[in-house]
Amino acid sequence: MAIERTLAIIKPDAVGRGLTGEILSRIHAAKFHIIVIKTRRLTKKEAEGFYAVHRERPFFEELTAFMSTSKAVVMVLEAENAIAKWRDIMGATDPAKAAPGTIRKELGASIQYNCTHGSDAADTAAFEIGYFFSGSELV
């Protein structure tokens, strides 16, 4: 397996409920290397740019409003097969359908308030990482 990087976000709902430490603990336990991490409050415009691929979807407005409500933690994770590995640890988008032991099953409240985001493919990861971090931050 190849070493990959993926973007991970601890969403505003999880930060607001004090779950940042728990989620970071799971990231460390899974043997990810955190390449860079920062806390950010996205503007509505930044959230719209980040989620532009979903612009025509019915949930776009609600999602971008939610993601700009308060602080989130954005980070780049590195590991073998990092994209799939992080998605497995997060679980399905809908916490009710997520596998036992996953972040979203144990900590998520709903499809919208599901605690975390992760890139779904290598090209998506490249875009998402570049959206939040400059090259000098990724060294």
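Structural notes, computed from the coordinates.

Reading the values: the criteria
- Along each chain, residue indices are assigned from 1 in the same order as the chain's sequence is written.
- Note on the predicted model: pLDDT of at least 70 is required for a residue's local features to be given, and 80 or more for side-chain atom pairs to be given and counted; whole-chain, interface and lining totals, by contrast, use all residues.
- Side-chain metrics in this entry use all non-hydrogen atoms of the structure; hydrogen atoms and water are not considered.
- Helix and strand assignments come from DSSP, with helices taken as H or I runs of at least 4 residues and strands as E runs of at least 2, each series counted from the N terminus.
- For this measure, only C-alpha atoms enter the radius of gyration; the expected value for a globule follows 2.2 Å times N^0.38, where N is the number of residues.
- Pairing between two strands is assigned when DSSP locates at least 2 bridges connecting them.
- Geometry is summarised by axes, namely lines fitted to C-alpha atoms with helices restricted to the contacting stretch, and by angles between N-to-C directions that run from 0 to 180 degrees.
- Lining residues are those with an atom within 4 Å of a point, where the points come from a 1 Å grid over the protein atoms alone and group into cavities, where a 1.4 Å probe fits but cannot get out, or pockets, open sets with protein on both sides within 12 Å along at least five of seven lines.
- Grid points are joined across faces, edges and corners, and a volume is the space filled by probe spheres set on the points.
- Just so you know the grouping, Ala, Val, Leu, Ile, Met, Phe, Trp, Tyr, Cys and Pro go in nonpolar, Asp, Glu, Lys and Arg go in charged, and all remaining residues, Gly too, go in polar.
- Two rings from Phe, Tyr or Trp (for Trp, the six-membered ring) form a pair when their centres sit within 6.5 Å of each other. Planes less than 30 degrees apart are called stacked, planes more than 60 degrees apart edge-to-face, and all others tilted.
- Using a 1.4 Å probe on the protein chains alone, a residue whose accessible area is under 20% of its type maximum counts as buried, one over 50% counts as exposed, and one in between counts as partly exposed.
- Comment: the charge-over-ring label is applied if NZ (Lys) or CZ (Arg) is within 6 Å of the ring centre and within 35 degrees of the ring normal.
- Salt bridges are defined as contacts in which a side-chain nitrogen from Lys or Arg sits within 4 Å of a carboxyl oxygen from Asp or Glu.
- Comment: arc refers to directions from the helix axis out to C-beta atoms.

### Observations regarding the overall build of the protein chain
Here is step 1: Along the protein chain, the regular secondary structure elements total seven helices and four strands.
Here is step 2: Ordered by position in the sequence, the α and β elements of the protein chain form the string β-α-α-β-α-α-β-α-α-β-α.
Here is step 3: Computed over the C-alpha atoms, the radius of gyration of the protein chain is 14 Å, within 12% of the 14 Å expected from 2.2 N^0.38 for a compact globule of 139 residues.
Here is step 4: Counting only C-alpha atoms, the protein chain reaches 35 × 35 × 25 Å along its principal axes.

### Describing the sheet that holds strand β3 (residues 72-80)
Here is step 1: The strand order across the open sheet built from four strands is β2-β3-β1-β4, with neighbouring strands paired in antiparallel fashion. On the outer flanks of this sheet lie β2 (33-40) and β4 (116-118), each paired with one strand and no other. Between one strand axis and the next, the sheet turns by 20° as a mean value, whatever way the strands run.
Here is step 2: Where strand β1 (residues 3-10) and β3 come together, eight bridges link them in antiparallel fashion. Residue Leu7 lies in a different strand from β3, and its bridge partner there is Val76.

### Regarding the layout of surface pockets
Over the atoms, a rolling probe the size of a water molecule traces out where space has been left empty.
Here is step 1: One number sums up the size of the largest pocket: a volume of about 620 Å³.
Here is step 2: For the largest pocket, the lining is made up of 24 residues, of which Tyr51, His54, Phe59, Leu63 and His117 are closest to its centre.
Here is step 3: When contributions to the lining of the largest pocket are tallied by element, the ones reaching two or more residues are α3 (44-50), α4 (60-67), β4 and α7 (122-132).
Here is step 4: Sorting elements by how many residues they give to the lining of the largest pocket places α7 first, with three residues.
Here is step 5: Each residue belonging to the lining of the largest pocket can be placed in one class, and the counts come to eight nonpolar, nine polar and seven charged.

### What to know about the packing of aromatic side chains
Here is step 1: Going through the model one piece at a time under the given rule, you end up with seven aromatic pairs.
Here is step 2: Where Phe127 meets Tyr131, the ring centres are 5.7 Å apart and the plane angle is 45°; that geometry is what we call tilted. One end of the pair is Phe127 and the other is Tyr131, both in helix α7 and four residues apart, which spans about a single turn.
Here is step 3: On the basis of relative accessible area, Phe127 is assigned to the partly exposed category, the value being 43%.
Here is step 4: For Tyr131, a relative accessible area of 30% corresponds to the partly exposed category.
Here is step 5: Positioned above the aromatic ring of Phe32 is the side chain of Lys85, whose terminal nitrogen or guanidinium carbon lies 4.8 Å from the ring centre.

### Overview of the pattern of salt bridges
Here is step 1: On inspection of all chains with the given rule, the structure shows eight salt bridges.
Here is step 2: Taking the shortest distance from any N to any O, the salt bridge between Arg40 and Glu46 comes out at 2.7 Å.
Here is step 3: Three or more residues joined by partner-sharing salt bridges are found here, namely Glu22, Arg26 and Glu106.

### Some details on helix α2 (residues 20-29)
Here is step 1: Here α2 has its buried residues at Thr20, Ile23, Leu24, Arg26 and Ile27. The buried residues of α2 occupy one face: seen down the axis, they fall within an arc of 155°.
Here is step 2: Trailing α2 by a residue or two, Lys31 shows a phi angle of about 70°, which is positive.

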